Amino acid sequence: MDSRTPSDSKTILTDLVLPSETNPLGNLFGGELLARMDRAASIAARRHSRRIVVTASVNHVAFNRMIALGSVVTVEAKISRAFKTSMEVIIDVWIEDRESGLKAQANEAIYTFVAVDEQGQPVPVPQVVPESDLEKQRYDAALRRKQLSLVLAGKMKPAEATELKALFI
Ligand SMILES: CC(C)(COP(=O)(O)OP(=O)(O)OC[C@H]1O[C@@H](n2cnc3c(N)ncnc32)[C@H](O)[C@@H]1OP(=O)(O)O)[C@@H](O)C(=O)NCCC(=O)NCCS
C-alpha cells in the first residue's frame, strides 16, 4: 500500500460566522466549530485512506479564542499519522483580520478516524510520511496521544501504554 504525505490529505474549509451560529455574547457556538472541524477532518481522513471513515475519538480540543459574528473562519485539517486502521487528524483553526488580512490561530483539535468497509469493519490505511519539521513533531507525538486516548476509553491498560510511561521515566 502506498504511503502519503500530510499535504496529500490537507483540507481547508473557509466560512463566515452567521447570526444563527452564535451564543448570546455574539460568538461562535463551540458545537458549531466542532461540527466544522469534524467535517474537515473526515474529508482529510477520506483523502488519505480513500475509504469510508468514521470518527472514533475526539482526543483534544482547545477553544483558545472567541470567534465573533461575521468572522471568516478557516479550518485546516491534515493527517499527522496513520496506524493500522486508524488515523490521527490535527485541525488548526484560523480567523482573519478584515483590514490587515492577517490570520491568527484561534483553536486546535485532534480527532481519530478509522477507515471501514461497507459493513463498518476497520480496514488498513496507507502510512504517513511527514515532511516539514512540524509534521515530524506531530508524527512523533501521535503514538503517545493514541495510547492516552485508548487508556481513557478503557481500551488499553495503563501498564501497556509504553510511550506514556516513557514520559515519566
Ligand atoms: C471506530 C470503530 C470502527 C472502532 O471499532 P473497534 O471494534 O473498536 O475496532 P478496533 O478495536 O479494531 O479499533 C480500530 C482502530 O481504532 C482505534 N481506536 C478505537 N478506539 C479508539 C479511541 N478511543 N482512541 C483512539 N483510537 C481508537 C484502535 O486503536 C484501532 O487502531 P489501529 O487499527 O490503527 O491500531 C467503532 O467503534 C465504531 O464504528 N464506532 C462508531 C463510529 C461513529 O459512528 N462515529 C460517528 C460519531 S456518532
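Within each chain, residue numbers correspond to sequence positions counted from 1 in written order. In keeping with the model being predicted, local features are shown solely for residues with a pLDDT of at least 70 and side-chain atom pairs are shown and tallied solely at 80 or more, while totals for entire chains, interfaces and linings include all residues.

The name given to the protein in an unreviewed UniProt entry is Thioesterase superfamily protein, with the source organism recorded as uncultured Dokdonia sp. UniProt positions are given in the numbering used here, feature names are shortened, and annotations may be inferred rather than shown by experiment. Under the UniProt heading Sequence similarities (unreviewed entry), the note attached to the protein is "Belongs to the acyl coenzyme A hydrolase family."

**As for the site of the ligand**
Only the C-beta atom matters for nearness: placed from the backbone, it must lie within 6 Å of the molecule or strand for the residue to count as near. With respect to spatial proximity, 18 residues lie near the ligand, and among them Phe83, Lys84, Thr85, Ser86 and Ser149 are the closest. For the shell around the ligand, the secondary-structure elements that each account for two or more residues are β2 (52–63), β5 (103–116) and α3 (133–152). In this description a helix means any DSSP run of H or I spanning at least four residues, a strand means any run of E spanning at least two, and both kinds are numbered starting from the N terminus. With 4 residues, the single largest contributor to the shell around the ligand is β2.

**Notes on the UniProt feature "domain: HotDog ACOT-type" (unreviewed entry) in the protein**
Within this numbering scheme, the UniProt entry marks residues 7–119 as carrying the feature "domain: HotDog ACOT-type" (unreviewed entry). Summarising residues 7–119: 20% helix, 48% strand, and an end-to-end C-alpha distance of 29 Å.

**A look at the environment of Asn59**
Residue position: Asn59 is located in strand β2. Sequence separation between Asn59 and Lys146 is 87 residues; the distance between their C-alpha atoms is 8.3 Å. In this view, Asn59 contacts Ile110, Tyr111, Thr112, Arg145 and Ser149; residues no more than four positions away in its chain are not counted. A residue pair is marked as a contact if its C-beta atoms, positioned from the backbone, fall within 7 Å.

**So, the pairing of strand β3 (residues 72–82)**
Two faces make up the sheet, and in a regular strand the side chains alternate between them. Counting buried residues in β3 gives 8 out of 11 residues, a clear majority hidden from the surface. Summarising the sheet, strand β1 (residues 11–16) and β3 pair through 6 bridges and their orientation is antiparallel. Residue pairing across strands places Thr14 opposite Thr74, the latter belonging to β3. If DSSP finds at least two bridges between two strands, the strands pair. As paired strands, β3 and strand β4 (residues 86–96) are joined by 10 bridges and run antiparallel to one another. Residue pairing across strands places Ile79 opposite Val89, the latter belonging to β4. In sequence, β3 turns back onto β4 through a hairpin of 3 residues. Around each residue's C-beta, the other C-beta atoms within 10 Å are counted; 20 or more make the residue buried, 12 or fewer make it exposed, and counts in between make it partly exposed. All C-beta atoms are placed from the backbone.

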